[in-house]
Every structure is written in structure tokens, then in C-alpha cells.
Amino acid sequence: MVEAHSQKQQVQQVVYRILDANLDRAREGLRIIEEWCRFGLNDAQLAGVCKHLRQEIGNWHTAQMRAARDTPGDAGTDLTHPQEEQRANITSLLQANFCRVQEALRVLEEYGKLYDPNMGSAFKQMRYQVYTLESNLMGYQRHHLLWRSRLYLVTSPVDNLFETVEAALKGGLTLLQYREKTADDVIRLERARKLRQLCDDYGALFIINDRVDLALAVNADGVHLGQQDIPIAIARQLLGPQRLIGRSTTNPQEMQGAIAEGADYIGVGPVYETPTKVGKAATGLEYVSYAAQNCPIPWVAIGGIDTSNINDVIDAGAQKVAVVRSLMQAEQPTLVTQYFISQLYRK
């Protein structure tokens, strides 16, 4: 009988240690996320959600659990993984800590049932709150970067696709659209995955042209739709509320229609005639000026823009421009990217 009681106490101490470690882990991860909400985004509401969750978790952290802590005897303190030693960008840092918090909350939900009948359900609800926080914050991150981005590269089929894109990313590009109309889906999927990884490595947004299914398959940040593509409402149902949806427009009526449909941003153009849009008349700088005065959402001037005319487009009111050939066919994509960005920030 005494032995059974002793064994029960040992199990109880182990449970306390598990709860203690994961309570710490959850609060630490939330604090890292909270600091970015507070100082990186200046968003008091998101920071407040993190703080409230930390405090709620802290209320469960009893003296009994803290007393069971045995850091010198913890076999896991020396365990590590190469991915833990580096963070490519703020997005990967946030994603890693959301995973950390969610895993800790799941452990607390299960082992908490051995400590208090109410603990399991409490941490289950907190886990759902963290899922919602993750969706809101990562969606906010996308929109925040969209607003900050000035240069938008739309790819064209070239032999050195990945080298050119990475060179542009090294030059400061933060917004990339993968556009390829004729390749087989297997090839497009493979290329999209590689481009997605490059964008992750450099902290850039990755948009897929037309294909919602491909965007979902590679976890892209969004899609860009033409006037003849599926309605934005359907794309939104498939992609969810946090991914970006862009729409091409050529006149004020199409602009207003895209805004009414719920586009996150629009393309304005083609400003100049371009072989990328065969047979489509140029809209000219007049539409650029109209967008500058009337468009309440982010918009990108596009179509035939290069180093020789970018300043005319900027003078017409554009703060963001999209380019294709002038970068995809450039001999020095990094330098051309830097030039474009420097001009876009001169006003």
C-alpha cells in the first residue's frame, strides 16, 4: 500500500514537471509574438491578446509545479535541431513560436486532465484562441508587407528563372508573382515550390497568377486574378480571409468593381503597350493619375515599365510599380532592382 502511494507521488511529480516546463514554454513563445505585435506592428489589440493569454496561462502556474522543476536533471536541455539555430526572417520566427505555443498548449491540455478536471478544457480553449491569433497576425503580416512593398516582380519564362528571382530578392524585392501560362502543371508546381522557398528565405510575399489551386498547394501568400478569372468571392472562400487577392484593372469601372468585390490590391494598366499583354491597348498615364487620386486600397502600376520611363509613372502618382521584362531579362537583376526601389522611394 505504501509502495503504491509512493509510486503515485512519483507520477504526480513527473506530471508537475511536465506542466511546469510547458507553462514556461507557452508563455515564452507568446512573449516573443507579443513583442513583435507591440514594437514591430504597433498593434495594441494583438499585443493585448498575447498579454491576456500569458496572464491566463500564468494563473495555472502553481508553486507545486515550480517546486517540481529539475533543470539540471532534465534530459532535454541539450536536445536541439539545426533549424532552431537560425531564423530566416520575421515570418519564420513568428511561425516557429506559434508552433511552440500550440504544442505546449496541447501538452497542457492532456496532462492538465491529471491535475485538475477544468485544466484540460481551459487549455483547449486557449489553443483555439492561439489558432485565431495566428491567422489574424499572419494575415496582418501579409497586408503590412503589401503596403510597404514598392516593387512587384512578375516572372516570365526564362532559363535562369531562380537565379534571376534570387538576384532581385537580394536587391530588396519583397513582392513576387509567379506567372507562367503554358507549362505543364507538374512543372509549374515544382517551380512554384522553389520560388515559395526563395521568398520565405528573403522575407518576401509570394503570389500566384490565376491559379487558386496552385496557391493552396504551395501555401502562397495569395493570387492575382484577371478580369476573366474566377470571382474574388469564390477565391476568398477557397483561400480564406488572410491571403491576398489582387485583380487586374484597365479603367475606373473595373477598379471600382474590384474594390467592391473585396480585392486586397489592384493592378493598374497596362500603362504602356507590352508584349506580355498582346492586343491590349495601353491605358496611359491618365489611369495612373486617376488611381492615385481615387483608389483607397494598394495599387500597382503595370505594363511596359522600365528604367527609361519609371520616373514618368512615379510623377503621374504611382508609389508601387510592377515590372516583368525589365528585370527578368536584365543582365544585373540585383542592380536594376536597387535602382527601381531607389526611384520609388525618392518621393
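See the structure above.
Keep in mind the model is a prediction, meaning the values are calculated, not measured.

Trainee: Looking at this structure, how should I read the overall build of the protein chain?
Mentor: Per the secondary structure count, the protein chain includes 14 helices and eight strands. Seen through its C-alpha atoms, the protein chain measures out along the principal axes to roughly 90 × 40 × 40 Å. In the protein chain, which comprises 347 residues, the proportion classed as buried is 45%. For the protein chain, the share of sequence-separated contacts (at least 6 apart) that also reach a separation of at least 24 residues comes to 64%. With an accessible surface of roughly 17,700 Å², the protein chain has 50% of that area assigned to carbon and sulfur atoms. Averaging the coordinates of the 37 positive side-chain charges in the protein chain and doing the same for the 40 negative ones gives two points 4 Å apart.

Trainee: Explanation requested: the packing of aromatic side chains in the structure shown.
Mentor: By convention here, two paired aromatic rings are described through the distance between centres and the angle between planes. Applying the stated rule across the entire model yields six aromatic pairs. Between tyrosine 339 and phenylalanine 340, the aromatic rings sit 6.3 Å apart at their centres with planes inclined by 50°, giving tilted as the arrangement. Exposure remark for phenylalanine 340: the relative accessible area of 0% places this residue in the buried category. For arginine 150, the ring lying beneath its charged end belongs to tyrosine 345, and the centroid distance is 4.3 Å.

Trainee: In this structure, what is going on with helix H14 (residues 333-344)? I would like to understand it.
Mentor: For the α-helix, the turn length of 3.6 residues means that residues three or four positions removed from each other point alike. In a regular helix each residue adds 1.5 Å, so 12 residues correspond to 16 Å; H14 covers 16 Å between its end C-alpha atoms and thus fits that length. Along H14, the residues classified as buried are Pro333, Val336, Thr337, Phe340, Ile341, Gln343 and Leu344. For H14, the angular spread of buried residues about the axis comes to 160°, placing them on one side. Where H14 is buried, its residues touch strand E1 (151-154), helix H6 (161-170), helix H12 (310-315), strand E8 (321-323) and helix H13 (325-328).

Trainee: What is the right way to look at the pairing of strand E6 (residues 265-268) in this model?
Mentor: Looking along a regular strand, one sees side chains alternate from face to face of the sheet. Both faces of E6 are covered, namely the face carrying Tyr265 and Gly267 and the face carrying Ile266 and Val268. Where strand E5 (residues 244-249) and E6 come together, four bridges link them in parallel fashion. Each bridged residue has a counterpart across the sheet, and for serine 248 the counterpart in E6 is glycine 267. Crossover handedness for the path E5 to helix H10 (residues 252-261) to E6: right-handed. Note that E6 and strand E7 (residues 299-302) share three bridges and pair parallel. When the bridges of E7 are listed, isoleucine 266 appears paired with tryptophan 299.

Trainee: Where do I start with the packing of helix H2 (residues 44-58) against helix H5 (residues 119-148) in this structure?
Mentor: The relative placement of two packed helices comes down to the angle between their axes together with the axis-to-axis distance. Closest axis-to-axis distance for the H2/H5 pair is 11 Å, and the angle between their directions is 160°. Between H2 and H5, the angle is such that the two are roughly antiparallel. Where H2 crosses over H5, the two elements pack in a sense that is left-handed. On H5, the residues that touch Leu46, Val49, Cys50, Leu53, Glu56 and Ile57 of H2 are Phe123, Met126, Gln129, Val130, Leu133, Asn136, Leu137 and Tyr140.

Cut-offs and rules
Residues numbered from 1 in each chain as written. Predicted model: local features only at pLDDT ≥ 70, side-chain atom pairs only at ≥ 80, totals over all residues. Heavy atoms only, no water. Helix = DSSP H or I, 4+ residues; strand = E, 2+ residues; numbered from the N terminus. Buried < 20%, exposed > 50% of the residue type's maximum accessible area, 1.4 Å probe, protein only. Contact = heavy atoms within 4.5 Å. Areas by Shrake-Rupley, 256 points an atom, 1.4 Å probe, with all protein chains shown as cover. Lys, Arg positive; Asp, Glu negative; His and termini not counted. Charge placed at Lys NZ, Arg CZ, Asp CG, Glu CD. Phe/Tyr/Trp six-rings, centres within 6.5 Å; stacked < 30°, edge-to-face > 60°. Lys NZ or Arg CZ within 6 Å of the ring centre and 35° of its normal. Expected span 1.5 Å × (residues − 1). Arc of directions from axis to C-beta. Pairing = 2+ DSSP bridges. Right-handed = clockwise from strand over helix to strand, strands pointing away. Axes fitted to C-alpha atoms, helices over the stretch in contact; angles between N-to-C directions. Parallel < 35°, antiparallel > 145°, perpendicular 65-115°, else oblique. Left-handed = near helix turned anticlockwise from the far one by under 90°.

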